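This is what each chain is made of:
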Protein chains: 2
Amino acid sequence: MTLSKYLPILTWGRQYNRTALSNDLVAAVIVTIMLIPQSLAYALLAGLPPEAGLYASIAPILLYAVFGTSRALAVGPVAVVSLMTAAALSNIVEQGTMGYGIAALSLAALSGVILLGMGLFRLGFIANFLSHPVISGFITASGIIIAASQLKHILGIDAAGHNLLDLGLSLITNLPEIHWITAVIGALATGFLFWVRKGLKPLLQRLGAGEGVTDVLVKTGPVAVVVVTTFSVWAFGLAAQGVAIVGDVPQNLPPLTLPSFSPDLLGQLLLPAFLISIIGFVESISVAQTLAAKKRQRIDPDQELIGLGVANIGASLTGGFPVTGGFSRSVVNFDAGAQTPAAGAFTAVGLAIAALALTPLIFFLPKATLAATIIVAVLSLVDFSILKRSWGYSKADFAAVLITILMTLAMGVEAGVSAGVMLSIVLHLYKSSKPHIAEVGQVAGTEHYRNILRHEVITDPAVVTLRVDESLYFANARYLEDRIHNRVAGDKSIRHVILQCSAINEIDLSALESLEMINERLREMGVTLHLSEVKGPVMDRLKEQHFLKEMTGNVYLSQYEAAQKVRALC
Amino acid sequence: MTLSKYLPILTWGRQYNRTALSNDLVAAVIVTIMLIPQSLAYALLAGLPPEAGLYASIAPILLYAVFGTSRALAVGPVAVVSLMTAAALSNIVEQGTMGYGIAALSLAALSGVILLGMGLFRLGFIANFLSHPVISGFITASGIIIAASQLKHILGIDAAGHNLLDLGLSLITNLPEIHWITAVIGALATGFLFWVRKGLKPLLQRLGAGEGVTDVLVKTGPVAVVVVTTFSVWAFGLAAQGVAIVGDVPQNLPPLTLPSFSPDLLGQLLLPAFLISIIGFVESISVAQTLAAKKRQRIDPDQELIGLGVANIGASLTGGFPVTGGFSRSVVNFDAGAQTPAAGAFTAVGLAIAALALTPLIFFLPKATLAATIIVAVLSLVDFSILKRSWGYSKADFAAVLITILMTLAMGVEAGVSAGVMLSIVLHLYKSSKPHIAEVGQVAGTEHYRNILRHEVITDPAVVTLRVDESLYFANARYLEDRIHNRVAGDKSIRHVILQCSAINEIDLSALESLEMINERLREMGVTLHLSEVKGPVMDRLKEQHFLKEMTGNVYLSQYEAAQKVRALC
């Protein structure tokens, strides 16, 4: 029981049958074809040699198949995490050096340990502090940065930077050195891929092609571009003309590697690794839950953390870099009919064969082609509609999106996501520090009490009922003192104050001391304090405190009962 | 009107009369006598020459009298802020150098600007994030560190450090160099002052002395010790024997000074200045509110920030260091009958006379005596009962107190208070990320709905009503999805889910998207979603959203109405 909880493979493996096998095999073939160019491209984005992308897709997929709870999730390098990897590493080591690859292994190992630890200690809730608007803003801004970072490959120039300002400046400065042949290849490849996405599908549909065939053809677009541009570079000798190509890629299975354990390096990588873990987890769990919901399957978030943690540790031991469950590859896997994680295992075998046998074929693959596939993939992530939606709903959410987008573009991914999370927490705390406090009265003909400003209600000049719409805790305790004091001090007819506690979900020690103070001050003014509708968990705690004994009035189960009994006291 | 809001002196000054004058003068004489040794001692604690303590008590008191709203608050150097000043400065400049004094001026200026800015922009709520338990723990731990830091003066040895570990180690290492004559003076002075606090009062009362006389005699204890030990050192030539004395103190009014505006220095001082401002403000406002409540006076927190800000800027321009409203001096001022801030102004005149004329008299004052007055004063702040109280009430509050005390003792004041505030915020967020969700039923014979686990209630197997005891926001949105899914998925008889929203004070965009998801998933299971008791401010926002149109059920004003109408649908 417990073992199968930590090893979901024991659950689905037991029921594995021939139908599942054939479905999984078909899905694996399709995903493998799609993953070859994607893996190479994301390695390029992460600043690593192309084979690292293949390696990062093999062991992690196998390990996730054993430990993960999603049936369709495909684990490997993804755009945003690859960008974050590049941003984290290039602050520390120079790209292209030995140390850079080793630092990538360390980042994956650290991220794996963080994810695994969060899973084992059930800390997955930490990821909930990334609000939906912050994630949307972050993904949009990251997409823009990724696209900008690939322009240098498209144009055949040098450029550096991990935010839009640095990148833009660097691109403009180096624009005169544009390599025209590369630029033509890049532009054609990008244009073709956009057309495949936007133009090919309607065309095929008009020609009467089935839904399935259309989808497969559209998904193989990148493969076609890879084949055509590689062939062209070889056939016309364009590499000699200065078109940057992938070049020699070692022909072997993923090597066994060891990350560096230098405390200095790990210290510098800790914060980026944490952010990569959280972002990667949120992206992965969203995809997993969306796909699981379609088939009424359950995802266990804590076990997902364990699965992703082990996958990243696997990546660090086999020449990879940080990985997570990717959106596009998982959707393709799901649509292609994958039934179990075995599909992932077969994909791993397919990629291993590619790493062993196919790498000589991509010697002449132009980097501009890989850049084009990245640009087309990430621009579909860019979506500014969240700005409009959040503006219409809540200015706090809008502020969080806006600061996330601006900070990510201006300062890079780590600053962007940190600023977004911090701001959403600060705004949440700010709102709860000045809670809505409604004075309520009885809705005629019912036992229900509502805001006197919004509803036709019956009130009594000697009895004021206040409903505090927030838990009472340190941040708003003093505010409550002020509000009650101001309401009562100015009105001599008031003899009773009832606090309706239906929206008070907690009273912490600071707030308890404030209530004692409020009770004391009201007593001095000759006003009695009552409570109504105190919730069970709040009452459990108050019961053992002196406060209830010192309180001048009583606690009532319902506001209606409180109003009846208090009126009788007047 | 507006001017008198920013200059409270215009309000009380207009009504100033002869009675107020004589009351204020009496209070000023008593406070002046008490403040002379106290000011010298806190300058020593802050690592500054003794006259800085006098200077820091003159201009700030005068300025606070003009801008402050409390009638009895006495502004000047206080123990905790002096300790924080020493901790902040000794990280940057060496004690005893010219730079140290200038850095103290800069710290006061920076703190003044921060306080003034918080007052003008109405940011006083920031101080509310210091919870009562964190403050209690911080004051207790600071008291211990202060007492430990003064032991070196009592023992006549060298010691350094701004946390208990460093201080303790340093004291033990240097213990063999103990200066015995100093130690005897220190021990006698400390013992006498403790006896004055604990033994003298009962003795005088037994001898039939009046309450007033007793209090005055007890408060003048430190003055007696200063006089006796100074005389002894002079009479027996103990300074030549190696007893550390105050020595030459310049005989003049507070000098005009300018803080350093070096961006480098200000950058290093920014965080400590912020913490000093917040801690100082909280200490000051607590004292001011306690004293004001006794006379039904009002304190305006934002104007207090302005008053303290101007006082600190004043301190920085007249050779002082960071100041705030002190507990003991304010209580003495209040008890001695001070009626208006003019009492403070008269005190300032008294201290100015002391600075001009009395400084030669304290040439032979042993530093051990000053240390003794500090130790006896701060040990009354040490109070571990907050640990017991918070343990009995809430483990989260207990954790915040404990971490504040331990971190302050082990790492110093800045780390301690930061850790306490961070932990209380994190625990608050953690709690609200896993809210209490109660399934409720109708309390028989009423229209009131309560938890089915705690009350005898009527339920319906086809209708589940859930009351979420927390605002819905990013941190708990996903948790709610899981809880509802788990409750409904396992029970085929459920046809309606009602969310009773009486405790939901906000629904942010993340939570709105979760509600859309919940509605969608319930629809797929053939279950209808209803809402009841949605609050006005929450409804205002939801009204304009698609969600309400897409929701399978309705929104009802009261839970009772919802239950009636939904039962009719079954």
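Please read these numbers as outputs of a predicted model, since none were measured by experiment.

Caption draft 1: Examining the nonpolar core more closely. Counting residues in hydrophobic clusters, the biggest one holds 139 residues, and the most contacted among them are A:L45, A:A79, A:L83, A:M84, A:L107 and A:I374. Top element by residues in this core is helix 3 (residues 18-45) of chain A. It accounts for 13 residues. Ignoring anything within four residues of it in the chain, the contact list for A:A79 reads A:Y42, A:L45, A:I146, A:I374, A:A377 and A:V378. With 138 residues, the next largest nonpolar core counts B:V134, B:V233, B:F334 and B:A377 among its residues.

Caption draft 2: Spotlight on the confidence of the model for chain A. This prediction gives chain A a mean pLDDT of 90; 99% of its residues lie at or above 70. Both scores are available for the predicted complex, with the pTM at 0.83 and the ipTM at 0.80.

Caption draft 3: A look at the relation of the copies chain B and chain A. Superposing chain B onto chain A requires a rotation of 179° together with a translation of 0.0 Å along the rotation axis, leaving an RMSD of 0.1 Å. Here the transformation between the copies is reduced to the relation of a two-fold axis. When C-alpha distances to the rotation axis are compared across chain B, the minimum falls at B:A503, with a value of 2.0 Å. A share of 100% of the interface residues of chain B reappears at the interface of chain A, consistent with the copies meeting face to face through the same patch.

Caption draft 4: Representation of the packing of helix 3 of chain A against helix 4 (residues 50-67) of chain A within the structure. Residue and element names in this part refer to chain A. Between helix 3 and helix 4, whose axes approach to 7 Å, the crossing angle comes to 120°. Taken together, the axis directions place helix 3 and helix 4 in an arrangement best described as oblique. Like other packed secondary-structure pairs, helix 3 and helix 4 cross with a definite hand, here right-handed. Mapping the contact onto sequence places L35, S39, L40, Y42, A43 and L44 in helix 3 and P50, A52, G53, L54 and S57 in helix 4.

Caption draft 5: Summary view of the domain arrangement of chain A. Split by domain assignment, chain A resolves into domain 1 (2-398) and domain 2 (437-569). Inter-centroid distance (C-alpha atoms) of domain 1 of chain A to domain 2 of chain A is 56 Å.

Caption draft 6: View of the pairing of strand 7 (residues 496-500) of chain B. All names here are of chain B. With five of five residues buried, strand 7 is to be regarded as a mostly interior element. With burial as the criterion, each face of strand 7 is covered, one bearing H496, I498 and Q500 and the other bearing V497 and L499. As defined by bridge partners, strand 6 (residues 463-468) adjoins strand 7 across five bridges and the pair is classed as parallel. Following the sheet pairing, V463 is matched in strand 7 by H496. Each parallel crossover has a hand, and for strand 6 linked through helix 20 (residues 474-489) to strand 7 it is right-handed.

Caption draft 7: Quick look at the interface of chain B and chain A. Chain B puts 51 residues into the contact, and the matching count from chain A is 51 residues. Counting residues per element, the ones that place at least two in the side of chain B that touches chain A are helix 7 (132-155), helix 17 (385-393), helix 19 (413-433), helix 20, helix 21 (509-524) and helix 22 (536-543) of chain B. Considering every element that reaches the side of chain B that touches chain A, the biggest residue donor is helix 19 of chain B, with six residues. Residue composition of the side of chain B that touches chain A, by class: 16 nonpolar, 20 polar and 15 charged.

Caption draft 8: Main features of the pairing of strand 8 (residues 528-532) of chain B. All names here are of chain B. By the criterion of burial, strand 8 is predominantly enclosed, with five of the five residues buried. As paired strands, strand 7 and strand 8 are joined by five bridges and run parallel to one another. Across the sheet, V497 pairs through a bridge with L529, a residue of strand 8. In this fold, strand 7 hands off to helix 21, which returns the chain to strand 8; that crossover is right-handed.

Caption draft 9: Representation of helix 24 (residues 559-569) of chain A in the model. All names here are of chain A. Within the sequence span of helix 24, burial applies to Q559, A562, A563 and V566. In a view along the axis of helix 24, the buried residues occupy a sector of 95°, so they form one face of it. Check the buried side of helix 24 and you find it contacts strand 3 (437-443), strand 4 (449-451), strand 6 (463-468), strand 7 (496-500), strand 8 (528-532) and strand 9 (555-556).

Parameters and conventions
Residues numbered from 1 in each chain as written. Chains lettered and ligands numbered in written order. Predicted model: local features only at pLDDT ≥ 70, side-chain atom pairs only at ≥ 80, totals over all residues. Core = buried A, V, L, I, M, F, W, Y, C linked by C-beta atoms within 7 Å. Buried ≥ 20, exposed ≤ 12 C-beta atoms within 10 Å, placed from the backbone. Helix = DSSP H or I, 4+ residues; strand = E, 2+ residues; numbered from the N terminus. Contact = placed C-beta atoms within 7 Å. pLDDT = per-residue confidence, 0-100. Least-squares fit on C-alpha atoms with pLDDT ≥ 70 in both. Axes fitted to C-alpha atoms, helices over the stretch in contact; angles between N-to-C directions. Parallel < 35°, antiparallel > 145°, perpendicular 65-115°, else oblique. Left-handed = near helix turned anticlockwise from the far one by under 90°. Domains from an automatic or database assignment. Pairing = 2+ DSSP bridges. Right-handed = clockwise from strand over helix to strand, strands pointing away. Nonpolar A, V, L, I, M, F, W, Y, C, P; charged D, E, K, R; others polar. Arc of directions from axis to C-beta.

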